[in-house]
Amino acid sequence: ISKCSQILHIAVKKESRLCGIGKKLLTGYINSEKNKCKSFKLWVNEENESAIKFYKQNGYVFSGRKAMIFSNIGDV
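*Asks:* Could you clarify how one ought to interpret the nonpolar core in this entry?
*Replies:* Generally speaking, a soluble globular protein has its nonpolar side chains buried in company with each other. Formed by Ile7, Leu26, Leu42, Ala51, Tyr55 and Tyr60, the largest nonpolar core amounts to six residues. If near-sequence neighbours (up to four positions away) are discounted, Tyr55 is found in contact with Ile10, Leu26, Leu42, Val44 and Tyr60.

*Asks:* What am I meant to see in the pattern of salt bridges here?
*Replies:* A side chain with one charge may pair with a side chain of the opposite charge, provided their charged atoms come close. For the structure on display, the rule yields two salt bridges. A salt bridge links Lys13 to Glu15; the nearest nitrogen and oxygen atoms lie 3.5 Å apart. Each member of the pair Lys13 and Glu15 is classed as exposed.

*Asks:* I'm lost on the state of the cysteines in this one. Help?
*Replies:* Formally, a disulfide is one covalent bond, and it connects the sulfur atom of one cysteine to the sulfur atom of another. Under the definition given, this model contains zero disulfides. A disulfide-free cysteine, Cys4 has its sulfur positioned 6.7 Å from the sulfur of Cys37, the nearest such atom.

*Asks:* So what exactly am I meant to see when it comes to unusual backbone geometry here?
*Replies:* Backbone phi values are negative for most residues with the exception of glycine, while trans is the configuration of most peptide bonds. Even without being glycine, Leu18 reaches a positive phi, approximately 65°. Along the chain, Leu18 falls in the loop between strand 1 (2–7) and helix 1 (21–33). Judged by relative accessible area, which is 91%, Leu18 ranks as exposed.

*Asks:* Can you walk me through the packing of aromatic side chains in this structure?
*Replies:* Two descriptors summarise a pair of aromatic rings, namely the distance from one centre to the other and the angle between the planes of the rings. Tallied over the entire structure, the rule returns three aromatic pairs. Here the aromatic rings of Phe54 and Tyr55 are separated by 5.1 Å at their centres, their planes lie at 70°, and the arrangement is edge-to-face. Overall, the relative accessible area of 22% leaves Phe54 in the partly exposed class. Its relative accessible area of 9% is what places Tyr55 among the buried residues. Among the aromatic side chains, those forming a connected cluster through ring pairs are Phe54, Tyr55 and Tyr60.

So, how was this worked out
- Residues numbered from 1 in each chain as written.
- Predicted model: local features only at pLDDT ≥ 70, side-chain atom pairs only at ≥ 80, totals over all residues.
- Heavy atoms only, no water.
- Core = buried A, V, L, I, M, F, W, Y, C linked by side-chain atoms within 4.5 Å.
- Buried < 20%, exposed > 50% of the residue type's maximum accessible area, 1.4 Å probe, protein only.
- Contact = heavy atoms within 4.5 Å.
- Salt bridge = Lys/Arg side-chain N within 4 Å of Asp/Glu carboxyl O.
- Disulfide = S-S within 2.5 Å.
- Helix = DSSP H or I, 4+ residues; strand = E, 2+ residues; numbered from the N terminus.
- Phe/Tyr/Trp six-rings, centres within 6.5 Å; stacked < 30°, edge-to-face > 60°.

Have a look at this one:
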């Protein structure tokens, strides 16, 4: 069993939010991984208040900040 599983991104189109899709995605992922890891972490933009609220409602707690830098090298 690994120590942690990470969720890097969950997205639901604005017009489809509040329909339970995000909850199903999150729950489905956790259920598929819970026998493989001891804990779950996720990354969320600190300005994305609706995502923060969603994760808090689903049992996640704030555990710290980490700066992430993305770069694009080469052709896309």
